[in-house]
Amino acid sequence: MAILLTGGAGYIGSHCYYELLQLNKELLVFDNLSTGFRDSLPESAIFIEGDVGDEEALDGVFKKYEIEAVIHFAGSLIVEESVSHPEKYYLNNVRNTLSLLNVCKSNDVNNIIFSSTASVYGSNPKQIMDETDPYSPENPYATSKMMVEYLLKDYSRAYGLNYVILRYFNVAGADPELRTGQKNKDATHLIKIGLEVATGKRDSISIFGTDYPTDDGTCIRDYIHITDLAAAHLKSLDYLLGNNNVKEAFNCGYGQGYSVRQVLATIEKVIGKKLNINEADRRPGDPVALIADSSKIKKMLNWKPKYNNIETIIKTAMDWERKL
Ligand code: UFG
């Protein structure tokens, strides 16, 4: 039996690929390489280049292999871009997932893990969010992910689909063995850009907004190491395949928030030099603070993070950035 990883050549998908190798199951990667890289995966990987919106191509994969579960990473994920180009998010994230669900249904594949996001919670004054907190998306990216969560719930009720929704907080860092990492051009993520400045690939970094209602005026996020996130997928798959009627959402974060200024100060500490930092206007669509209450995943899936330290996250990301 095989596990299908849509978007499996991307930053998160490729880390999960390596993590899932320990299952000794057939792993299939389906990716259109719009943001992924074939060489993020080992030569031996079964790789199919294709777009999730191409139902015919996808159906061919489902007919050729005996798929028992899908891990759906493929999608667009840049908050600011979603504000300026919402159609891309509703097409790539909502319509294409609908295509995928229809192909799953017509091929009797009933198990899916979905890459969702903490941003479905938006700027809730609670700041530390648990899975029962209401949706309050503040940008089309978050709305598109929320819409897919509804699709999953409806397909579950109507057709018995089993699903695990993983709500990622801010994923960062790199595989400590440096097999894969974040290598997209035109990066938009804070730690990645900070390290590009540190390694001389960029001149400076801007802090987007210094007038937020937080202690130092900058946004707060919960940064999770990619290897711990990959482990959460392994645990989720085990749970999904070992139980009936699975309909769960889990937060993936550590429960510790860092402001933009704190992250940049930690980068400076790790690299031992000052970054060229300037202050800029707020970036559209940014929630003030997003911190995970991750007690549910720890309790239900026995998920035990190993890299929950912002310096470790930055160090592994730095090692990767130097390797690039
Ligand atoms: N930021 C800066 N300067 C930069 C880049 C980012 O100040 O050059 C700030 C942002 O404004 C934000 C914070 O750093 O306040 C984090 O921004 P990122 O772009 O690194 O990440 P986001 O929080 O916007 O989004 C990420 C993922 C989403 C995910 C979300 C969950 O891209 O997919 O984390 O919190 F949903």
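Since the model is a prediction, treat every value here as computed from it, not as a measurement. Each chain has its residues counted from 1, following the order in which its sequence is written. pLDDT decides what is reported in this predicted model: residues at 70 or higher carry local features, side-chain atom pairs at 80 or more are listed and counted, and totals for whole chains, interfaces and linings draw on all residues regardless. Heavy atoms throughout the structure, all of them, feed into the side-chain values; hydrogens and water do not.

Trainee: Mind showing me how you'd approach unusual backbone geometry here?
Mentor: With glycine set apart, most residues show a phi of negative sign, and most peptide bonds adopt trans. Backbone geometry places Asn24, a non-glycine residue, at a positive phi of 55 degrees. Secondary structure is summarised from DSSP: a helix means a run of H or I of at least four residues, a strand means a run of E of at least two, and numbering begins at the N terminus for each. One can find Asn24 in the loop between α1 (11–20) and β2 (26–31). For the exposure calls, accessible area comes from a 1.4 Å probe over protein chains only, and a residue counts as buried if that area is under 20% of its type's maximum, exposed if over 50%, partly exposed in between. Relative accessible area serves as the criterion here: at 72%, Asn24 is assigned to the exposed category. Even without being a glycine, Leu33 presents a positive backbone phi close to 60 degrees. Mapping Leu33 onto the fold places it in the loop between β2 and β3 (46–49).

Trainee: Explain the pattern of salt bridges here, please?
Mentor: The salt bridge criterion pairs a side-chain nitrogen of Lys or Arg with a carboxyl oxygen of Asp or Glu, the two atoms within 4 Å. Going through the model one piece at a time under the given rule, you end up with 21 salt bridges. Connected through shared salt-bridge partners, Lys192, Glu196, Lys201, Arg202 and Glu321 make up one network.

Trainee: So what exactly am I meant to see when it comes to helix α7 (residues 226–242) here?
Mentor: Because each turn of an α-helix spans 3.6 residues, side chains separated by three or four positions end up pointing in the same direction. Multiplying one less than the number of residues by 1.5 Å gives the expected span of a helix. Taking 1.5 Å of rise per residue, the 17 residues of α7 would be expected to cover 24 Å, and the 24 Å separating its terminal C-alpha atoms lies within 8% of that figure. Counting buried residues along α7, 12 of its 17 residues qualify, which places the element largely inside the surrounding structure.

Trainee: Looking at this structure, how should I read the environment of Arg179?
Mentor: Inspection of the secondary structure assignment puts Arg179 in the loop between β8 (170–172) and α6 (190–198). The spatial distance from the C-alpha of Arg179 to the C-alpha of Ala142 is 30 Å, given a sequence separation of 37 residues. Sequence-distant contacts of Arg179, that is, excluding residues within four places in its chain, are made with Tyr18, Ser40 and Trp320. Between two residues, a contact is recorded if the distance between any of their heavy atoms is within 4.5 Å.

Trainee: Explanation requested: the sheet that holds strand β5 (residues 111–117) in the structure shown.
Mentor: Adjacent strands of a sheet form backbone hydrogen bonds with each other and so pair up, either parallel or antiparallel. The pairing criterion is simple: DSSP has to find at least two bridges between the two strands. The strand order across the open sheet built from 7 strands is β3-β2-β1-β4-β5-β7-β12, with neighbouring strands paired in parallel fashion. Strand pairing shows two members of the sheet lacking a second neighbour, β3 and β12 (247–252), which therefore form its edges. Averaged over all pairs of adjacent strands, the angle between their axes in this sheet comes to 20 degrees, without regard to strand direction. Where strand β1 (residues 2–6) and β2 come together, 5 bridges link them in parallel fashion. Opposite Thr6, over in β2, you have Phe30 as the bridge partner. Strands β1, β4 (67–72), β5, β7 (162–168) and β12 of the sheet are contacted by α7, whose axis makes an angle of about 165 degrees with β7. Axis definition: a line fitted to C-alpha atoms, limited for helices to the stretch in contact. Angles are taken between N-to-C directions and run from 0 to 180 degrees.

Trainee: Before we go on, may I ask you to explain the site of the ligand in this structure?
Mentor: A cutoff of 4 Å decides nearness: a residue is near a molecule or strand if any of its heavy atoms lies inside that distance of it. Neighbouring the ligand are 24 residues; Thr117, Asn170, His189, Ser206 and Asp286 lie closest to it. Tyr141 places a polar side-chain atom, nitrogen or oxygen, 2.8 Å from an oxygen atom of the ligand. As used in this structure description, the phrase polar contact means that two N or O atoms lie within 3.5 Å; if the pair is within protein, one of them must be able to donate a hydrogen and the other to accept it, and residues adjacent in sequence are counted only when both atoms belong to side chains. Here an oxygen atom of the ligand and a backbone polar atom of Phe208 are 2.9 Å apart. Those elements giving two or more residues to the shell around the ligand turn out to be α6 and β9 (205–208). The greatest single-element share of the shell around the ligand, amounting to 4 residues, is contributed by β9. Residue classes follow a fixed rule: Ala, Val, Leu, Ile, Met, Phe, Trp, Tyr, Cys and Pro count as nonpolar, while Asp, Glu, Lys and Arg count as charged, and any other residue, Gly among them, counts as polar. By residue class, the composition of the shell around the ligand is 15 nonpolar, 6 polar and 3 charged. Boundaries between domains were set according to an automatic or database domain assignment. If you count residues domain by domain, the shell around the ligand takes at least three from each of domain 1 (2–171 + 223–252) and domain 2 (172–222 + 255–323).

Trainee: Mind showing me how you'd approach the domain arrangement of the protein here?
Mentor: The parts lose accessible area when they come together, and the size of an interface is often stated as this lost area. By domain assignment, the protein separates into domain 1 (2–171 + 223–252) and domain 2 (172–222 + 255–323). Contact residues are listed per partner, giving 43 residues for domain 1 and 46 residues for domain 2. We define buried area as the total accessible area lost by two parts upon association, computed with a 1.4 Å probe and summed across both. Summing both sides of the interface, domain 1 and domain 2 together bury roughly 4,000 Å²; the carbon and sulfur share of this comes to 62%. Of all residues in domain 1, Gln127, Tyr223 and His225 bury the most surface against domain 2, accounting for 21% of the area lost on that side. Counting across the interface, domain 1 meets domain 2 through 2 salt bridges. The tally of links between domain 1 and domain 2 comes to 23 residue pairs in polar contact (both at pLDDT 80 or more).

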